[in-house]
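Each chain, written out:
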Amino acid sequence: MKEAIVKLDLAAAGAATERPISIAIVAMGGQGGGVLTNWIVSLAESQNWVAQSTSVPGVAQRTGTTIYYVEMMPVSDRGQKPILAQMPTPGDVDVVIASEHMEAGRSILRGIVTPDRTTLIASCHRMLSIVEKMAPGEGIADSRAVHDAIGVVARQEIIFDMNNLAVKNGSVISSAMFGSLAASGTLPFDRDAYYDVIRKSGKGVEASIRTFDAAFERTENGEQATDADDSYTEKTATILPECLNDARANALVTRIRRELPLEAHQMAFLGVQKVVEFQDGEYGDEYLDCLRELNMKDAAANGADKGFEFTVTAAKYLANAMVYDDVIRVARLKTRKARRDRIAAEVGLQDGQILNSTEFMHPRMEEVVSSLPVGLANWLIARKGLYRWLDRRINKGRRLKTYSLRGFLPLHMVGSLKGMRRKSLRHQTETTHRTAWLTEATNALSHNYELGVTILTFRRLIKGYSDTHVRGLSKFDKVMTTTKSIAARDDAADWARRLLTSAIKDASGDDLDGTIKTIESFI
């Protein structure tokens, strides 16, 4: 056998300088990376090239990126097929296609984008990862670093909002990326060959070709993409309207203008919109009543010299505190038409198609009891045997199909209980906690303005419901208790901010406990 192998004719298929064209595609689940890969392979094979594709899937939908890799070469005159690689090699990739802006950044970090060889084709829109969404505070990664790096590390860059272009043309992002690839000049194939591949796919052909053409023209024109900078521009300031048609809403706007300083108008207007949508106009009045009192204390502490920072901060976090996540709000959000429209847009729902979604829910007896009127809730809690019996029947994982009658009606009924909310045990608990939090902030305000503002921001720790809410409350209590123990120090605000930062970034709580021990060492 060894002798036979030695005598095999292993002559080279071509010159040693021949190399395949290599294309790496990085995409999160559901972004069409597999479709684009199949199109590229079909394109090469239709032109009598040899093509090979491989993929390494991510951990899960939207938490891990799938890397698709394609290598292609013309068929040898002697009919011998090349041996193609299965994974991209840093410094040896001709084209990198990223379906999202941060995926382009991850490609740069992997070293597969190089200034001497690589054409980078990427969409500048963002789809937040699970890690970014689950952060208790501001967990969104800064896209600016990626934006700055792209112009340095790639030989050619084609960057614009391909997702938005695809949506406008009724298709998906894979069609836009395919169009940009065709216009980039990196593959030696005619435009008609791309059309043939799309037509052979047999699905959404007209919309795909329309999107392909739009992306092709957008790329070929050579205009500098302004889309990449859109995500960095500050949000347009909300202007307080002069008058609203609804008398109740107009009365709230008039109160903002009359009772609060100009610096707080924008944030107060956003806050009152949020609390009214959560409950009703009366709740908006309650929000402004509380904010007016906080502003009076701010003014007494010479807040005008500091731009009424305390009032502005309170306008934001007071609204967040009043709009808490209970089962009523969760049920209302899941059955809103706006949510269904958003999901339909994300999955590219076409005419004649039926949309279904499944809610994974695990209610606990605590959530059920907290939604009941205070008297009935306390009565149930006092009867421990009955409470445990009910908990065994309620505390189970469930799957509800949102848009089926059996799933939609229970959710809609729970959401319709909004009128009972202010009589519930949960509302009483939230109000008590909110009052204690604001009291600590105003107490600090009298002797340390900066500390008072910082205590207001502690509300960032509390969000969600069920176990998430419990963990947030635990961190809040730790941060607040430790801050109170050093409130008399001149640097109390600095330490309070360090405590907050530790609590936000550290899911396990180890960093927070370490910061607390440091503070305890010098108390």
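Residues numbered from 1 in each chain as written. Predicted model: local features only at pLDDT ≥ 70, side-chain atom pairs only at ≥ 80, totals over all residues. Heavy atoms only, no water.

### Quick notes on the overall build of the chain
Line of reasoning, step 1. The helix and strand tally for the chain stands at 25 helices and eight strands.
Line of reasoning, step 2. Per-residue burial for the chain yields a buried fraction of 45% across its 523 residues.
Line of reasoning, step 3. Long-range pairs, those at least 24 residues apart, make up 71% of the contacts in the chain between residues at least 6 apart in sequence.
Line of reasoning, step 4. Accessible area of the chain: about 27,700 Å², with a carbon and sulfur share of 53%. (Helix = DSSP H or I, 4+ residues; strand = E, 2+ residues; numbered from the N terminus. Buried < 20%, exposed > 50% of the residue type's maximum accessible area, 1.4 Å probe, protein only. Contact = heavy atoms within 4.5 Å. Areas by Shrake-Rupley, 256 points an atom, 1.4 Å probe, with all protein chains shown as cover.)

### With respect to the nonpolar core
Line of reasoning, step 1. Membership of the largest hydrophobic core comes to 53 residues, with the highest contact counts inside it found for Y287 and W437.
Line of reasoning, step 2. Judged by nonpolar contacts, the second largest core, of 38 residues, contains W39, Y68, I173 and L187. (Core = buried A, V, L, I, M, F, W, Y, C linked by side-chain atoms within 4.5 Å.)

### Overview of the pattern of salt bridges
Line of reasoning, step 1. Tallying each qualifying case throughout the model produces 33 salt bridges.
Line of reasoning, step 2. Of the charged contacts in the structure, one is a salt bridge between R117 and D94, with a shortest N-O distance of 3.8 Å. Of this pair, R117 sits in the loop between α3 (101–110) and β5 (119–123) while D94 sits in the loop between β3 (65–74) and β4 (95–98), placing them 23 residues apart in sequence.
Line of reasoning, step 3. Judged by its relative accessible area of 25%, R117 falls in the partly exposed class.
Line of reasoning, step 4. R364 is the salt-bridge partner of E366, the closest N and O atoms lying 4.0 Å from each other.
Line of reasoning, step 5. We classify R364 as buried; its relative accessible area is 17%.
Line of reasoning, step 6. One connected set of salt bridges, linked through shared partners, spans R248, R255, R258, E259, D285, D289 and R292. (Salt bridge = Lys/Arg side-chain N within 4 Å of Asp/Glu carboxyl O.)

### What about a positive patch on the surface?
Line of reasoning, step 1. Where like charges cluster on the molecular surface, the positive patch consists of K384, R388, R392, R393, K396 and R398.
Line of reasoning, step 2. The dominant element in the positive patch, judged by the number of residues it contributes, is helix α19 (residues 384–394), at four residues.
Line of reasoning, step 3. With respect to the helices and strands, R392 occurs in helix α19.
Line of reasoning, step 4. Residue R392 is classed as exposed on the basis of its relative accessible area, which comes to 52%. (Patch = residues over 30% accessible without salt bridge, like charges linked within 9 Å, V, L, I, M, F, W, Y side chains within 5 Å. Lys, Arg positive; Asp, Glu negative; His and termini not counted. Charge placed at Lys NZ, Arg CZ, Asp CG, Glu CD.)

### Some points on a nonpolar patch on the surface
Line of reasoning, step 1. Side chains of L376, W379, L386 and W389 sit close together on the surface and give an oily, nonpolar patch of about 380 Å² of accessible area.
Line of reasoning, step 2. Listing elements by their share of the nonpolar patch, those giving two or more residues are α18 (374–382) and α19.
Line of reasoning, step 3. Inspection of the secondary structure assignment puts L386 in helix α19.

### Some thoughts on helix α7 (residues 173–184)
Line of reasoning, step 1. Over its 12 residues, α7 runs 16 Å from end to end, which matches the ideal 16 Å to within 8%, given 1.5 Å per residue.
Line of reasoning, step 2. With 11 of 12 residues buried, α7 is to be regarded as a mostly interior element.
Line of reasoning, step 3. Just past α7, the residue G185 takes up positive phi, approximately 80°. (Expected span 1.5 Å × (residues − 1).)

### Observations concerning the environment of W379
Line of reasoning, step 1. Mapped onto the fold, W379 is located in helix α18.
Line of reasoning, step 2. Separated by 10 residues in sequence, W379 and V369 place their C-alpha atoms 9.9 Å apart.

### What about the packing of helix α14 (residues 309–322) against helix α22 (residues 449–457)?
Line of reasoning, step 1. The interhelical angle for the contact between α14 and α22, taken along N-to-C directions, is 10°, at an axis separation of 9 Å. By the criterion of interaxial angle, the relationship of α14 to α22 is roughly parallel. When α14 is examined against α22, the residues E309, F310, T313, A314 and Y317 are found in contact with a partner set consisting of Y449, G452, V453, L456 and T457.
Line of reasoning, step 2. Split into classes, the residues belonging to the contact of α14 with α22 amount to six nonpolar, three polar and one charged. (Axes fitted to C-alpha atoms, helices over the stretch in contact; angles between N-to-C directions. Parallel < 35°, antiparallel > 145°, perpendicular 65-115°, else oblique. Nonpolar A, V, L, I, M, F, W, Y, C, P; charged D, E, K, R; others polar.)

### Some remarks on α3
Line of reasoning, step 1. For α3, a buried count of seven out of 10 residues is recorded, marking the element as mostly surrounded by other parts of the structure.
Line of reasoning, step 2. Downstream of α3 by one or two residues, G111 has phi in the positive range, about 85°.

### A few points about the packing of aromatic side chains
Line of reasoning, step 1. Counted under the stated rule, the structure contains nine aromatic pairs.
Line of reasoning, step 2. Every member of this aromatic cluster is reached through a ring pair, and the members are W39, F178, Y194, Y195, F212 and F216.
Line of reasoning, step 3. Across from the ring centre of Y403, 5.5 Å away, lies the NZ or CZ of R340, which sits over that ring. (Phe/Tyr/Trp six-rings, centres within 6.5 Å; stacked < 30°, edge-to-face > 60°. Lys NZ or Arg CZ within 6 Å of the ring centre and 35° of its normal.)

### Some points on the confidence of the model for the chain
Line of reasoning, step 1. Overall, the predicted model of the chain reaches an average pLDDT of 83, with 84% of residues at or above 70.
Line of reasoning, step 2. Contacts of residues 1–6 to residues separated by more than four positions or lying in other chains number zero contacts, the stretch itself having pLDDT below 50.
Line of reasoning, step 3. Every residue in residues 224–237 scores below 50 in pLDDT, and together they form 18 contacts with partners more than four places removed in sequence or on other chains. (pLDDT = per-residue confidence, 0-100.)

### A look at unusual backbone geometry
Line of reasoning, step 1. Unusually for a residue other than glycine, N48 sits at a positive phi of about 65°.
Line of reasoning, step 2. Along the chain, N48 falls in the loop between α2 (33–46) and β2 (49–56).
Line of reasoning, step 3. Even without a glycine there, the phi angle at N302 is positive, about 60°.
Line of reasoning, step 4. Following the sequence through the fold, N302 ends up in the loop between α13 (281–300) and α14.
Line of reasoning, step 5. Residue N302 is classed as partly exposed on the basis of its relative accessible area of 48%.

### A short note on the packing of helix α21 (residues 425–445) against helix α23 (residues 466–485)
Line of reasoning, step 1. Packing of α21 against α23 brings their axes to within 12 Å, and their N-to-C directions diverge by 25°. As the angle between them shows, α21 and α23 are arranged roughly parallel. The interaxial crossing formed by α21 with α23 has left-handed handedness. Here R426, E430, H433, W437 and E440 of α21 come into contact with α23, specifically with H469, L473, F476, D477, M480 and K484.
Line of reasoning, step 2. Classifying every residue of the contact of α21 with α23 by side-chain character gives four nonpolar, two polar and five charged. (Left-handed = near helix turned anticlockwise from the far one by under 90°.)

### Focus: the environment of N295
Line of reasoning, step 1. Inspection of the secondary structure assignment puts N295 in helix α13.
Line of reasoning, step 2. The buried category is assigned to N295, whose relative accessible area is 9%.
Line of reasoning, step 3. In this structure the C-alpha to C-alpha distance between N295 and F308, which are 13 residues apart in sequence, comes to 7.8 Å.
Line of reasoning, step 4. Residue contacts for N295: discarding those within four places in its chain leaves E259, L260, P261, F308 and T311.
Line of reasoning, step 5. Here T311 takes part through its side chain, which lies 3.0 Å from a polar atom of the side chain of N295. (Polar contact = N/O pair within 3.5 Å; in protein donor to acceptor, adjacent residues only side chain to side chain.)

### Side note on the environment of V167
Line of reasoning, step 1. Tracing the sequence through the fold places V167 in helix α6 (residues 162–168).
Line of reasoning, step 2. Assessed through its relative accessible area of 48%, V167 is described here as partly exposed.

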